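Analysis of the macromolecular model
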There are 4 protein chains.
Amino acid sequence: MKHKSIPTTGISRYEPDKIFVRGANLVDELMGQLSFTEMILFHLNGKKPTPLQTKVLDAVLVTTMEHGFTPSAISTRLIFHSAPEALQAAVAAGIMGAGSTYLGTMEGCAALLAEIVEAPEGMPARAEAIARRFKASGSFIPGLGHPFHKPDDPRAPKLIEIAEQAGAKGTYIAALKELSTAANKAYPKYLTTNATGAIAAILLEIGIEPAIMRGIAVISRAAGLVGHIAEEIKRPSGRYIYDMVDHGIEYKE
Amino acid sequence: MKHKSIPTTGISRYEPDKIFVRGANLVDELMGQLSFTEMILFHLNGKKPTPLQTKVLDAVLVTTMEHGFTPSAISTRLIFHSAPEALQAAVAAGIMGAGSTYLGTMEGCAALLAEIVEAPEGMPARAEAIARRFKASGSFIPGLGHPFHKPDDPRAPKLIEIAEQAGAKGTYIAALKELSTAANKAYPKYLTTNATGAIAAILLEIGIEPAIMRGIAVISRAAGLVGHIAEEIKRPSGRYIYDMVDHGIEYKE
Amino acid sequence: MKHKSIPTTGISRYEPDKIFVRGANLVDELMGQLSFTEMILFHLNGKKPTPLQTKVLDAVLVTTMEHGFTPSAISTRLIFHSAPEALQAAVAAGIMGAGSTYLGTMEGCAALLAEIVEAPEGMPARAEAIARRFKASGSFIPGLGHPFHKPDDPRAPKLIEIAEQAGAKGTYIAALKELSTAANKAYPKYLTTNATGAIAAILLEIGIEPAIMRGIAVISRAAGLVGHIAEEIKRPSGRYIYDMVDHGIEYKE
Amino acid sequence: MKHKSIPTTGISRYEPDKIFVRGANLVDELMGQLSFTEMILFHLNGKKPTPLQTKVLDAVLVTTMEHGFTPSAISTRLIFHSAPEALQAAVAAGIMGAGSTYLGTMEGCAALLAEIVEAPEGMPARAEAIARRFKASGSFIPGLGHPFHKPDDPRAPKLIEIAEQAGAKGTYIAALKELSTAANKAYPKYLTTNATGAIAAILLEIGIEPAIMRGIAVISRAAGLVGHIAEEIKRPSGRYIYDMVDHGIEYKE
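Residues numbered from 1 in each chain as written. Chains lettered and ligands numbered in written order. Predicted model: local features only at pLDDT ≥ 70, side-chain atom pairs only at ≥ 80, totals over all residues.

1. Describing the overall build of chain A
Counting its regular elements, chain A contains 12 helices and five strands. Expressed along its principal axes, the backbone C-alpha trace of chain A runs to roughly 60 × 55 × 50 Å. Of all 253 residues assigned to chain A, the portion counted as buried reaches 62%. Contacts in chain A between residues at least 24 apart in sequence constitute 72% of all its contacts with a sequence separation of at least 6. (Helix = DSSP H or I, 4+ residues; strand = E, 2+ residues; numbered from the N terminus. Buried ≥ 20, exposed ≤ 12 C-beta atoms within 10 Å, placed from the backbone. Contact = placed C-beta atoms within 7 Å.)

2. Some thoughts on the relation of the copies chain A and chain B
Expressed as a screw operation, the relation of chain A to chain B combines 0.0 Å of axial shift with a rotation of 180 degrees, fitting to an RMSD of 0.0 Å. Taken together, the rotation and translation relating the two chain copies correspond to the operation of a two-fold axis. Relative to the rotation axis, the C-alpha of Ala92 of chain A is the closest in chain A, positioned 2.2 Å from it. The residues that chain A uses at the interface reappear at the interface of chain B in 100% of cases, marking a shared surface. (Least-squares fit on C-alpha atoms with pLDDT ≥ 70 in both.)

3. Let's talk about the relation of the copies chain D and chain B
For the pair chain D and chain B, the relating rotation is 180 degrees, the translation along its axis is 0.0 Å, and the fit reaches an RMSD of 0.0 Å. An overlap of 100% is found between the interface residues of chain D and their copies at the interface of chain B, pointing to a shared contact surface.

4. Overview of the sheet that holds strand S3 (residues 18-21) of chain B
The strand order across the open sheet formed by three strands is S2-S3-S4 (chain B), and the pairing between neighbours is antiparallel. The open sheet has two edge strands with one neighbour each: strand S2 (12-15) and strand S4 (24-25) of chain B. (Pairing = 2+ DSSP bridges.)

5. Points about the interface of chain A and chain B
In this assembly, 79 residues from chain A lie in contact with 80 residues from chain B. Ranked by residues supplied to the side of chain A that touches chain B, first place goes to helix H11 (residues 210-234) of chain A with 16 residues. Considering only residue class, the side of chain A that touches chain B consists of 44 nonpolar, 22 polar and 13 charged. (Nonpolar A, V, L, I, M, F, W, Y, C, P; charged D, E, K, R; others polar.)

6. Brief notes about the confidence of the model for chain A
Residue-level pLDDT values for chain A average 96, and 98% of them are 70 or greater. Both scores are available for the predicted complex, with the pTM at 0.97 and the ipTM at 0.97. (pLDDT = per-residue confidence, 0-100.)

7. Points about helix H10 (residues 195-205) of chain A
All names here are of chain A. Counting buried residues in H10 gives 11 out of 11 residues, a clear majority hidden from the surface. Taken together, the buried positions of H10 are occupied by Ala195, Thr196, Gly197, Ala198, Ile199, Ala200, Ala201, Ile202, Leu203, Leu204 and Glu205. A positive phi of about 85 degrees marks Gly207, the residue just after H10.

8. Quick word on the interface of chain D and chain B
Each partner contributes to the interface: chain D provides 19 residues, whereas chain B provides 19 residues. Taken together, the elements giving at least two residues each to the side of chain D that touches chain B come down to strand S1 (8-9), helix H5 (87-95) and strand S5 (250-251) of chain D. Looking at the side of chain D that touches chain B residue by residue, the classes come out as nine nonpolar, five polar and five charged. With two bridges joining them, strand S5 (residues 250-251) of chain B and S1 of chain D adopt parallel strand pairing. Bridging from a neighbouring strand, Tyr251 of chain B pairs with Thr9 of chain D of S1 of chain D.

9. Examining the pairing of strand S2 (residues 12-15) of chain A
Residues and elements named next belong to chain A. Two elements, S2 and strand S3 (residues 18-21), share four bridges in a ladder whose sense is antiparallel. Across the sheet, the residue bridging to Tyr14 is Ile19, located in S3. Count of turn residues in the S2/S3 antiparallel hairpin: two residues.

10. Things to note about the environment of Leu112 of chain D
All names here are of chain D. Among the structural elements, Leu112 can be located in helix H6 (residues 105-118). Taking C-alpha positions, Leu112 is 32 Å from Ser35, a pair spaced 77 residues apart along the chain. Not counting residues up to four positions away in its chain, the partners in contact with Leu112 are Ile130 and Leu179.

11. A word on the sheet that holds strand S2 (residues 12-15) of chain D
One open sheet holds the three strands; their spatial order is S2-S3-S4 (chain D), and the pairing between them is antiparallel. Single-partner strands in this sheet number two, and they are S2 and strand S4 (24-25) of chain D.

12. Comments concerning the packing of helix H3 (residues 51-64) of chain D against helix H10 (residues 195-205) of chain D
Residues and elements named next belong to chain D. At their nearest, the axes of H3 and H10 sit 10 Å apart, and the two run at 155 degrees to each other. If you check the angle between H3 and H10, you find them roughly antiparallel. Every pair of crossing elements has a handedness; the one defined by H3 and H10 is left-handed. Residues Val56, Val60 and Thr63 of H3 form the contact with H10, whose own contacting residues are Ala195, Ile199, Ile202, Leu203 and Glu205. Its residues assigned to classes, the contact of H3 with H10 comprises six nonpolar, one polar and one charged. (Axes fitted to C-alpha atoms, helices over the stretch in contact; angles between N-to-C directions. Parallel < 35°, antiparallel > 145°, perpendicular 65-115°, else oblique. Left-handed = near helix turned anticlockwise from the far one by under 90°.)

13. Thoughts on helix H6 (residues 105-118) of chain B
Residue and element names in this part refer to chain B. Compared with an ideal rise of 1.5 Å per residue, which puts 14 residues at 20 Å, H6 spans 20 Å between its outermost C-alpha atoms and is within 8% of the ideal. Looking at H6, one finds that the buried residues are Thr105, Met106, Glu107, Gly108, Cys109, Ala110, Leu112, Leu113 and Ile116. Tucked into the core, H6 has its buried residues touching helix H7 (123-137), helix H9 (171-186), helix H10 (195-205) and helix H11 (210-234). (Expected span 1.5 Å × (residues − 1).)

14. Quick word on the nonpolar core
Counting residues in each nonpolar core, the largest one holds 383 residues, and the members touching the most others are Ile202 of chain A, Ile202 of chain B together with Ile202 of chain C. The residues touching Ile202 of chain A, leaving out its near neighbours within four places in the chain, are Val56, Val60, Leu159, Ile160, Ala163, Ala168 and Ile173 of chain A. (Core = buried A, V, L, I, M, F, W, Y, C linked by C-beta atoms within 7 Å.)

15. Some points on the environment of Thr50 of chain A
Structurally, Thr50 of chain A can be placed in the loop between helix H2 (36-45) and helix H3 (51-64). For the pair Thr50 of chain A and Leu179 of chain A, spaced 129 residues apart in sequence, the C-alpha separation works out to 28 Å.

16. Quick notes on the environment of Phe80 of chain A
Residues and elements named next belong to chain A. Mapped onto the secondary structure, Phe80 falls in helix H4 (residues 71-82). Separated by 156 residues in sequence, Phe80 and Pro236 have C-alpha atoms that sit 9.8 Å apart. Setting aside residues up to four positions removed in sequence, Phe80 forms contacts with Leu87, Ala90, Ile229, Glu232 and Gly238.

Shown next as structure tokens:
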């Protein structure tokens, strides 16, 4: 079988004395001139970010970096304890926790917000239809509700405030408010807008596509997990966590 | 068996309406106020970074984010092609490439620089002893030489320039220069100071410990790999890479 | 917040001088008495397998272990080349390729076979409805067709023959034949029954649930990937694969 | 830059109607004829295994598959809870726990056994020298001692018994006994020969190289972790483990 096609990329190429990223000379045009957050946006979009984009992405990356002993942090600690020869594997184990149960809900919420914004019948009507649809199916609405941060997730209003003060147009933020209003009419219990809901809205404001949002959480979480390893090196907790779980779990046939 | 000890952490705790990271209130003191890079340093060190620390870490994170179709980028592309349901796993597969062969060399170089700085006999004498030691064992000196960037890796002098202009004290940069001088006396072929060597020096300048340096590369690489997935979604190359390798490899018993 | 509930398990418990797996004493009742394949079935089901179950699972595990330079094998080679300190991470990178694109199709096929078997209107009618449904949506039917093994995937009839000779009842095998017949009536091009289709059918015959089938492929593939690492240690190809891809890919903005 | 060399493999190749593994036709010569364990050995060695090799490898794979809520099992449970869309990633997270702290010790022990067997001064003298060397450096001797299975790890004598009854020559088993004798003379506390020590000896007896031993543990552990996921699907413990750790860990600045 012959090659079906030659793979191509527009991200990067290099020569003996030059490296290009998205057409820019890494050494002359990017290093020392862009912050890491600006570089992430440049790498994704192929053009220098606006101050709004940078401000919003910084806020999102700062927000999701840390939330105590999440499944990700526990896994990273346990794997680093088991395989200290490979810090990179311990981080990898942890970032696999950025799945559909927790951080991944931002994608689902973003899809709903896009649906609301594009609805020909207007945002409130579509938001109400969505709330009814989820209630009927007995599902959670992604971006709303929180098992622990009650009555309100304090991160969500702060994220929205940061985006608004930085000049976000507000279309998707408005959609999120409609979704929250509709959900709180449809469901009997109060549902807070949670951090992943606010993140979905403000990442849409700066043009990040839903399909890649989970990747933003992965970058942020990777940084948080490296911090956990730095603490694990100085003050190990991995083996005590192992002990706590292995002896705390109950055997029942 | 009872619990041997209770695991502890000083990184984070939370209450229904507050999240604390390293003692600071995430919403009131960190979000919207720190850049992602500043947050990484705050999370690692427990105190707000100096401008020097931020400038240097930004430069390092920008530098290592991208270098074309590395083993990491290829693996991320192939795994995303095979399992598009789990972006997080594709990034995880790629960051496992931040091992001892490539990015991990910064740790080895950092250890040599620390040895040179602390040598009672003075830096040049120790640098020469190290160069002889490596030459005798037939090993590469980590941080020196590059298979493709010849005669010089353009990233290294730029990284050092950025650190010096931001006010780095220069102790470890001086040690790196001694190491380079000694190596080029001992080895017959010219050895450039490569990016991982310069990174080792300037991360030491801002107080990052060698044991965690590979983690900095992991954070940066995670961001680069998310960019590769963003391109893969729009312009797939994974299946063509699979095809290229599977049909390009030669079967020889 | 207090513990919501104590986690429980029925898989394993141990004492200083005994380890129990699914209620059996590992040393006295399992080691030396069960083959690995039998132990996998015992661990999954909590009872000793029948000869049919063992024969079928052995055949499946042997079949999926190896298929040349798959995305999994390439990733494992590249990650091992990059991080030889962590063989376990290289295998982990590769098994993440057991996703929805390739091996994961056995789950989708298994769901269709269960649907056909349970259809009140009879198997042929439901198989035809499924074929029409997939054709209308422009999707591939999981378990049918193969990009390379043409006209027929030689593994599928062999797997079915092994299961039948070992005494499989044949319900799901019959459903697979109905699906193949219906698909080849509905689609213009001949569609072979591929290995994942046959595996779906015969794993259903031995009571493996669709949700866990991908796990069977993961076990098998893990073994294949360890073999690739064994060859990589003696006869490295990772760096040449890196070279082939990095220099073979075309830069196009 | 041109290709430096063409990568090669001797493992597998395929044609439209045939797949070859190590030169054998998968469909005609391997499927239905080899057990999974025999296939692992054939894939590794390129020739059909002896009954001794199969018996020993089966015993090793059965032994290491399960040991309750290890760091690997906990991580797999937590990642599957967080990302149920990707069973393969949950297994990958867990097998990364097969590192140097636990299962990886078999490599270290195997290296010592090889050293003892090859010592020109005889096995007892070399074993005593090794015991003194480790005691002086304050290190554990890999393969000896166990934190929980006291006074003796019941798996070790069983593994050796299985190998001996299957006809192992006994050279490396004898070396392990010398090491145990020497260690128990040198150290004040009784040191049991543990499972990884016995595994190191009997895998050496069947020609498995130390560098790949960790891979055997990875294969076995992958199977155990799939069993944990099968239980997690029916009887979830992941979220309770998360809860137990997150609320059980103590915050101390």
